[in-house]
Amino acid sequence: MLGTRQEGDEEEAWLRLRPVEPLPSQCCGSGCSPCVFDVYQRDLARWEAARASKDRSLLSRERHSCPSKLSPETFLAFLISAVDRLTKDTYLVRFALPGNSQLGLRPGQHLILRGTVDDLEIQRAYTPISPANAEGYFEVLIKCYQTGLMSRYVRSWKAGDTAFWRGPFGGFFYKPNQYGELLMLAAGTGLAPMVPILRSITDNAEDETFITLVGCFKTFEGIYLKPFLQEQARFWNVRTFFVLSQENSLEQLPWSYRDRTRFGRLDQDLLEELVSTCRRKPFALVCGSAEFTKDMAGYLLHAGLAEDSYFLF
């Protein structure tokens, strides 16, 4: 009888150690590797092996203790040092890094943010826009939506709070002079992965890649990072254009934007015009909503670009 009770207590102890399967809300949907479900399957296999051999040390051997370096599998805490509101719904958030350390991302790679709202854990992907070699900090551009759970979490942030990130992720790895010209097509915060790639090119005097950046926004006031984009447009190899869906008067825009702005949406005709004016054979980078990304992929194919001549973030 005593042995049966001990076996039952032992079984209950093992069940308490069993990894908890993630909820669908804990997957950011960005195709990260490892995904939160991949990590769960790995931990479950380790638990099953430890349980079969009745050796709990197999669990503790690879348990994540206090990681000090960014990891795709383990969330790491970062201190929020500043929260700046760029528009009514978009924030630029700066996170502190220890000393003069660097985050270690390649330009265009993204991270996964973990948040908790109403006891529900959620995860979303965001791309740092700070220089890849930034020391002591990194910055993220985040748009908040009225009904978004992660948006509720982000809107609660203030300097001194802590947020948890894991990564890096991303399948596009830029190499200097790899392409004759990059055609960057960005809608809204889809501008984020373009920023570090653009900056890495203009910061490198030996990189002679041409860049045509097309930013799609609703209004002129809604264009993110205007000073940065104006500064970048002064480089000999950079052109910037804007497509505004809710504006209709050039006279309302500053002079420096009038010859670089179109109204409406980035459609097939405008895209073909942009491709035809590229100075070298372009490689396209696309980032925006799912609908925008799908449309741009179709337009690029129709414009004569092969599937291996563009990348969809």
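Quantities reported herein were computed from a predicted structural model and do not represent experimental measurements.

1. Details of the pattern of salt bridges
Pairs can form between side chains of opposite charge whenever their charged atoms are close.
Here's step 1: Under the criterion given, the structure shown has six salt bridges.
Here's step 2: A salt bridge links K158 to D161, with the shortest nitrogen-to-oxygen separation between them at 3.3 Å.
Here's step 3: A salt bridge links E181 to R239, with the shortest nitrogen-to-oxygen separation between them at 4.0 Å. A residue pair is termed long-range when its members are at least 10 positions apart, and E181 in strand β7 (residues 181-187) and R239 in strand β9 (residues 238-244) qualify at 58 residues. The same class applies to E181 and to R239, which are both buried.

2. Quick look at the sheet that holds strand β10 (residues 261-263)
Backbone-to-backbone hydrogen bonds join strands into a sheet, with any given pair of strands oriented parallel or antiparallel.
Here's step 1: Within the open sheet, the six strands sit side by side as β10-β9-β8-β7-β11-β12. Their pairing is parallel. Edge strands, defined here as strands with exactly one partner in the open sheet, are β10 and β12 (310-312). With direction set aside, neighbouring strand axes in the sheet form an average angle of 15 degrees.
Here's step 2: Alignment of β7 against strand β8 (residues 210-217), held across seven bridges, turns out to be parallel. Counted as the bridge partner of A187 is C216 from β8.

3. Focus: the environment of G171
Here's step 1: Looking at the secondary structure, you find G171 in the loop between β6 (162-169) and β7.
Here's step 2: With a relative accessible area of 55%, G171 lands in the exposed category.
Here's step 3: Separated by 62 residues in the primary sequence, G171 and Q109 have C-alpha atoms spaced 7.6 Å apart.

Conventions and cut-offs
Residues numbered from 1 in each chain as written. Predicted model: local features only at pLDDT ≥ 70, side-chain atom pairs only at ≥ 80, totals over all residues. Heavy atoms only, no water. Salt bridge = Lys/Arg side-chain N within 4 Å of Asp/Glu carboxyl O. Helix = DSSP H or I, 4+ residues; strand = E, 2+ residues; numbered from the N terminus. Buried < 20%, exposed > 50% of the residue type's maximum accessible area, 1.4 Å probe, protein only. Pairing = 2+ DSSP bridges. Axes fitted to C-alpha atoms, helices over the stretch in contact; angles between N-to-C directions.

Note that every value here comes from positions in space, so none of it alone points to a role or purpose.
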